[in-house]
Amino acid sequence: MSYQFITSAKLPTRYGEFDIHVFENEDGQEHVMLTVGLPAAQDIDASASMIPLVRIHSECLTGDAFDSLKCDCGPQLNMAMQAVQESGCGAILYLRQEGRGIGLTNKIRAYALQDQGHDTLDANLILGLPADARIYDMCGPMLAHVGVNQVRLITNNPNKVTYLTDHGIDVVERVPSIVGITEDNAGYLATKRDRMGHLLDKDINTETHFNQ
């Protein structure tokens, strides 16, 4: 599937000012990239000496907008925005693939199954859905727009590292994102660690990791 750049503008936030860029695929689905200190590809010499700090973040309405404690998505997004601003050179790729790609309605159906005691992976499977339906083929064109082919990647998910590496983007460093751990989401994070291969502490269920 092809992706094209549509438009960009300045976006002031509580963390600082970003450039916001909108991309669209042939089906009309929109994705967003926030950048700091990154020129367009034709001006890449201006930032050639810096390796940008990058976060690939899939949309999570409940976590990003409603501060849900079922996941750590909101705190991860906020941490990434702050970290990119502090670094002075980086990007956040905000991908419109809610609920690990299953959509909002199915995500809430999965929540209902989690309320009955199923973990996040089994809830998806019970609904006949994949454990993780996200794709990352839009990341290459988005990063290419600002001339990026090397990144320091904020992630706990080794699949994101593999995908970028397999598509010609050099991940020179993986930066862990251990934030927003609460009693409500410790089980969710343990499932990501134990069943989905995310790189998280083995004792993540202990109170020493809960943010007060």
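This structure is a prediction, so every number in the text was calculated from the model and none was measured. (Residues numbered from 1 in each chain as written. Predicted model: local features only at pLDDT ≥ 70, side-chain atom pairs only at ≥ 80, totals over all residues. Heavy atoms only, no water.)

Peer 1: Before we go on, may I ask you to explain the overall build of the protein chain in this structure?
Peer 2: Counting its secondary structure elements, the protein chain contains seven helices and seven strands. Of the regular secondary structure in the protein chain, the N- to C-terminal order runs β-β-β-β-α-α-β-α-α-α-β-α-β-α. Taking all 212 residues of the protein chain together, 46% fall into the buried category. Counting contacts in the protein chain only where the partners sit at least 6 residues apart, residues at least 24 apart contribute 59% of the total. As displayed, the protein chain has an accessible area near 10,300 Å², and 50% of this comes from carbon and sulfur atoms. (Helix = DSSP H or I, 4+ residues; strand = E, 2+ residues; numbered from the N terminus. Buried < 20%, exposed > 50% of the residue type's maximum accessible area, 1.4 Å probe, protein only. Contact = heavy atoms within 4.5 Å. Areas by Shrake-Rupley, 256 points an atom, 1.4 Å probe, with all protein chains shown as cover.)

Peer 1: So what exactly am I meant to see when it comes to the pairing of strand 1 (residues 3–13) here?
Peer 2: On any regular strand, side chains alternate: one points to one face of the sheet, the next to the other face. Inspection of the sheet shows strand 1 paired to strand 2 (residues 16–25) by 10 bridges, in the antiparallel sense. Each residue of the ladder has a partner; that of P12, found in strand 2, is E17. Between strand 1 and strand 2, which pair antiparallel one after the other, the connecting turn spans two residues. (Pairing = 2+ DSSP bridges.)

Peer 1: Whenever I open this one, the side chain of N156 confuses me. Can you help?
Peer 2: Among the secondary structure elements, N156 is positioned in the loop between strand 6 (150–154) and helix 6 (158–166). A polar atom in the side chain of N156 sits 2.8 Å from the backbone oxygen of S177. (Polar contact = N/O pair within 3.5 Å; in protein donor to acceptor, adjacent residues only side chain to side chain.)

Peer 1: Any chance you could explain the sheet that holds strand 3 (residues 30–36) here in plain terms?
Peer 2: Strand pairing in a sheet relies on backbone hydrogen bonds, with the paired strands running either antiparallel or parallel. Read across the open sheet, the seven strands follow the order 1-2-3-5-4-6-7; overall the sheet is mixed. This sheet does not close on itself; its edge strands, each paired only once, are strand 1 and strand 7 (170–175). When strand polarity is set aside, the average angle formed by the axes of neighbouring strands in this sheet is 25°. For strand 3 and strand 5 (residues 90–95), the ladder comprises five bridges, and the chain directions are antiparallel. Residue M33 lies in a different strand from strand 5, and its bridge partner there is L93. Here helix 2 (residues 73–87) sits on the sheet and contacts strand 1, strand 2, strand 3, strand 4 (53–58), strand 5 and strand 6; the angle it forms with strand 5, its principal contact strand, is near 155°. (Axes fitted to C-alpha atoms, helices over the stretch in contact; angles between N-to-C directions.)

Peer 1: Just checking my understanding: could you explain helix 6 for this structure?
Peer 2: Owing to its 3.6 residues per turn, the α-helix brings residues three or four apart onto one side. A distance of 2.9 Å separates the backbone nitrogen of N159 from a side-chain oxygen at the start of helix 6, and that oxygen is part of N157. Taken from the residues just after helix 6, G168 is the one with a positive phi, measuring 85°.

Peer 1: Got a minute to help me understand the environment of R14 in this structure?
Peer 2: Relative to the elements of secondary structure, R14 occurs in the loop between strand 1 and strand 2. We classify R14 as exposed; its relative accessible area is 69%. Along the primary structure R14 and N78 are separated by 64 residues, whereas in three dimensions their C-alpha atoms are 9.9 Å apart. Within the structure, R14 has its side chain in polar contact with the side chain of Y15 (distance 3.1 Å).

Peer 1: Would you mind showing me how to read helix 2 here?
Peer 2: End to end, helix 2 covers 21 Å across 15 residues, agreeing with the expected 21 Å (1.5 Å per residue, within 8%). Residues C73, G74, Q76, L77, A80, M81, A83, V84 and Q85 constitute the buried set of helix 2. Positioned one or two residues after helix 2, G88 has a phi angle of 80°, which is positive. (Expected span 1.5 Å × (residues − 1).)

Peer 1: Quick question: what am I supposed to make of the packing of aromatic side chains here?
Peer 2: Remark: the centre distance and the inter-plane angle together describe each pair of aromatic rings, the angle taken between the planes. Inspection of the entire model under this criterion finds two aromatic pairs. Where F5 meets F23, the ring centres are 5.7 Å apart and the plane angle is 65°; that geometry is what we call edge-to-face. With F5 in strand 1 and F23 in strand 2, this pair connects stretches of sequence that are 18 residues apart. You can call F5 partly exposed: its relative accessible area is 32%. Seen in terms of ring centroids, Y136 and Y163 are 6.0 Å apart; in terms of plane orientation they differ by 55°. Their pairing is tilted. With Y136 in the loop between helix 4 (120–126) and helix 5 (139–145) and Y163 in helix 6, the pair connects residues that are 27 residues apart, well separated along the chain. The cationic tip of K70 hangs over the ring face of Y111; the distance from NZ or CZ to the ring centre is 4.9 Å. (Phe/Tyr/Trp six-rings, centres within 6.5 Å; stacked < 30°, edge-to-face > 60°. Lys NZ or Arg CZ within 6 Å of the ring centre and 35° of its normal.)

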